[in-house]
Amino acid sequence: MASDPQETSEKQQTPQKLQIYSTSKAGVTPFWREKYERDAKKYWDIFYKRHEDRFFKDRHYLDKEWGQYFTGAGKKVILEVGCGAGNTIFPLVSTYPDIYVHACDFSPRAVDLVKAHKDFNDSRLNAFVCDLTVDDLSKEVSPSSIDIVTMIFVLSAVSPEKMPLVLQNIKKVLKPDGYLLLRDYAVGDLAQERFTCKDQKICENFYVRGDGTRAFYFSNEFLTSLFKNNGFVVEELGLCCKQVENRSRELVMNRRWIQAVFRLSDILDSSSCEKAAIKEKLIGQEHIESKFDRSTSKETLNSVEVDMSEGLGAEMFGISPSHDGEVIEVKVRDCNFKIRVVSKEYQHTCKSTGLMLWESARMMAPLLAANPGIVRRKKVLELGCGCAGICSMIAAGSAELVVATDRDSKTLEVLTENVASNLVPPSITKLIVHRLEWGNDEHIQGIRELNPEGFDVIIGTDVTYIAEAILPLFATAKKLISSNYNQEIQRPSLILCHILRRVDEASIISSASQFGFKLTDKWQPGVSSNSSQSIVASWFPENGWEEFVPSSALNIMYFQMQ
């Protein structure tokens with residue numbers, strides 16, 4: 001039975017609610033997987049540039065947990081693998097005056113922090129840069145000279161397929177029957193639970209954090225097999241489970257890590273496996289309630305013996321750190337804006353594309369400032385404005401009303417802060433921040449209540465990068481654009497400024513026409529308009545348009561209702 005053509009057309013034009021930001025659990029793409037591996041050193045260098053020695057607490061628990069390995073006859077020689085800022089080695093040298101420590105890290109900045117430490121003494125410490133998956137450790141440390149190797153939350157930063165390379169490298173410098181002491185993340189830790197809700201999985205139990213550093217979560221079986229296959233026997237193996245409850249924030253934080261001792265040996269000692277099993281039973285699980293108030297809830301409890309400071313508390317427990325963004329300065333003609341956005345090192349895994357400033361907004365804002373007539377005494381709507389909102393803030397200087405919208409709640413929070421910190425009356429009184437998910441009738445109705453007559457100008461910068469978003473975008477614009485206008489004067493307009501990425505120009509034009517929008521004009525750098533009456537070209541000076549264009553790939557499409 002044939003369907004009614006009118007009914008088919010209505011179905012095609014019915015906008016669907018759209019999740020703009022991906023909720024896929026497919027994990028990290030191969031491109032990013034390779035990039036995280038290739039740039040691992042860079043991400044850790046950025047990490048230490050940001051946190052210096054404030055991220056991890058000094059590990060004073062080492063004496064209590066493993067004191068028997070550092071004492072005894074003779075002077076002990078220690079190798080600290082992945083020394084970071086020295087949170088392991090400096091407590092060790094202060095506690096045991098007879099030890100000598102080699103400390104290495106593949107982050108040059110971390111090694112520099114160790115050498116700059118007030119307690120650094122080259123007569124007792126040797127710090128050097130070394131990537132154990134590539135560099136030959138024996139070129140820095142004499143073969144078979146190390147009594148004890150310490151690896152504290154280090155092996156988890158290595159790709160699982162490269163972990164055997166690290167252990168084989170360590171074997172070159174470890175004495176026969178030397179020990180390796182390890183503490184690292186365990187399967188089921190709070191951080192891993194949080195990662196399962198995000199698209200940050202690289203492979204089984206291996207994830208990328210928001211700053212580009214990576215973490216593997218070990219099971220007892222995986223760790224035991226890894227070390228046995230590389231010539232070590234298990235002396236001790238413990239799964240540590242701590243539960244911290246903060247009543248004031250209604251947080252229950254489950255921390256899990258593995259603590260283990262391995263001995264270098266070519267002969268498997270079954271008695272060691274028995275000792276490891278006993279050790280695991282003895283560690284058990286504890287439950288600790290935090291009675292601290294909100295102001296101190298970020299601190300790690302000493303009794304818990306988790307050695308991460310506020311930074312990792314934010315990463316693991318979902319508590320926003322004080323440095324969860326950066327302020328950038330944006331100059332638009334005579335206006336200087338200070339805009340808070342997500343830090344650059346977090347942008348690549350940030351789930352909200354609105355928490356950064358896109359190049360299209362950097363171009364459209366000065367055009368609006370140079371051509372106030374575009375919005376003068378008009379009602380303006382910005383779609384997907386992001387947290388910066390500079391186009392809306394510029395428009396508020398000339399327009400009668402500006403409504404800045406985005407669908408992401410966090411983006412709107414930051415946008416509200418940016419507006420409040422950059423605008424003063426009367427501009428700030430004319431700008432309204434409002435949530436709008438394209439195709440959401442409830443949100444659209446909320447916008448219409450702010451301005452029942454509809455908008456004279458609708459602006460969108462970089463809002464055409466997802467194919468599924470195009471139809472809802474134009475459907476929403478049609479419902480919110482003004483229908484009460486004089487044909488002889490200027491019709492309401494929809495202005496899109498963007499770099500064409502996943503959606504081509506023809507698809508945009510086709511989608512626009514389904515909702516009554518006609519492409520009246522367009523502009524792109526270096527391409528002359530065919531019409532002397534070009535609307536968009538008139539916004540640029542005859543010479544020197546380059547100063548407005550941060551990228552030669554940007555272009556503008558100017559639509560009006562048919």
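Computed from a predicted structure; not experimentally measured.

Let us now look at the packing of helix α3 (residues 40-51) against helix α6 (residues 108-116). For the pair α3 and α6, the least separation of the axes is 7 Å and the interaxial angle reads 40 degrees. Within the contact between the two elements, α3 uses Lys41, Asp45, Tyr48 and Lys49 and α6 uses Pro108, Arg109, Ala110 and Leu113. For the contact of α3 with α6, the class distribution of residues is 4 nonpolar, no polar and 4 charged.

A word on the sheet that holds strand β6 (residues 201-203). Taken in spatial order, the 3 strands line up as β6-β7-β8 in an open sheet, and their pairing is antiparallel. At either end of the open sheet lies a strand with only one pairing partner, and these are β6 and β8 (214-216). Neighbour to neighbour, the strand axes of the sheet diverge by 30 degrees on average, direction disregarded. Note: strand β7 (residues 206-208) against β8, 3 bridges, orientation antiparallel. Considered in β8, the bridge of tyrosine 207 is made with alanine 215.

Okay, the nonpolar core next. Judged by nonpolar contacts, the single largest core of 51 residues is most densely connected at Ile339, Met364, Ile390, Trp539, Phe540 and Ile556. For isoleucine 339, the residues in contact, after removing those within four places along its chain, are Glu326, Val327, Ile328, Val330, Ala388, Ile390, Met393, Asn418 and Asn422. Of all hydrophobic cores here, the second largest spans 45 residues; its members include Tyr100, Val149, Met151 and Met163.

What follows covers helix α18 (residues 505-514). Of the positions making up α18, those classed as buried are Ile508, Ser511 and Ala512. All buried residues of α18 lie within an arc of 100 degrees about the axis, which places them on one face of the element. A positive phi of about 85 degrees marks glycine 516, the residue just after α18.

Okay, the packing of aromatic side chains next. Under the defined criterion, the tally for this structure stands at 22 aromatic pairs. Taken together, a centroid distance of 4.9 Å and an interplanar angle of 65 degrees make the contact between tryptophan 44 and phenylalanine 47 edge-to-face. Linking tryptophan 44 with phenylalanine 47, this pair stays in helix α3, spanning 3 residues, or about one helical turn. The buried category is assigned to tryptophan 44, whose relative accessible area is 13%. Here the aromatic residues Phe31, Trp32, Tyr36 and Tyr43 are joined through ring pairs into a cluster of three or more. The lysine or arginine in question, lysine 42, covers the ring of tyrosine 43, its NZ or CZ lying 5.2 Å from the ring centre. Looking at arginine 183, its charged tip hangs above the ring of tyrosine 61, at a distance of 4.0 Å from the centre.

Rules behind the numbers
Residues numbered from 1 in each chain as written. Predicted model: local features only at pLDDT ≥ 70, side-chain atom pairs only at ≥ 80, totals over all residues. Heavy atoms only, no water. Axes fitted to C-alpha atoms, helices over the stretch in contact; angles between N-to-C directions. Helix = DSSP H or I, 4+ residues; strand = E, 2+ residues; numbered from the N terminus. Contact = heavy atoms within 4.5 Å. Nonpolar A, V, L, I, M, F, W, Y, C, P; charged D, E, K, R; others polar. Pairing = 2+ DSSP bridges. Core = buried A, V, L, I, M, F, W, Y, C linked by side-chain atoms within 4.5 Å. Buried < 20%, exposed > 50% of the residue type's maximum accessible area, 1.4 Å probe, protein only. Arc of directions from axis to C-beta. Phe/Tyr/Trp six-rings, centres within 6.5 Å; stacked < 30°, edge-to-face > 60°. Lys NZ or Arg CZ within 6 Å of the ring centre and 35° of its normal.

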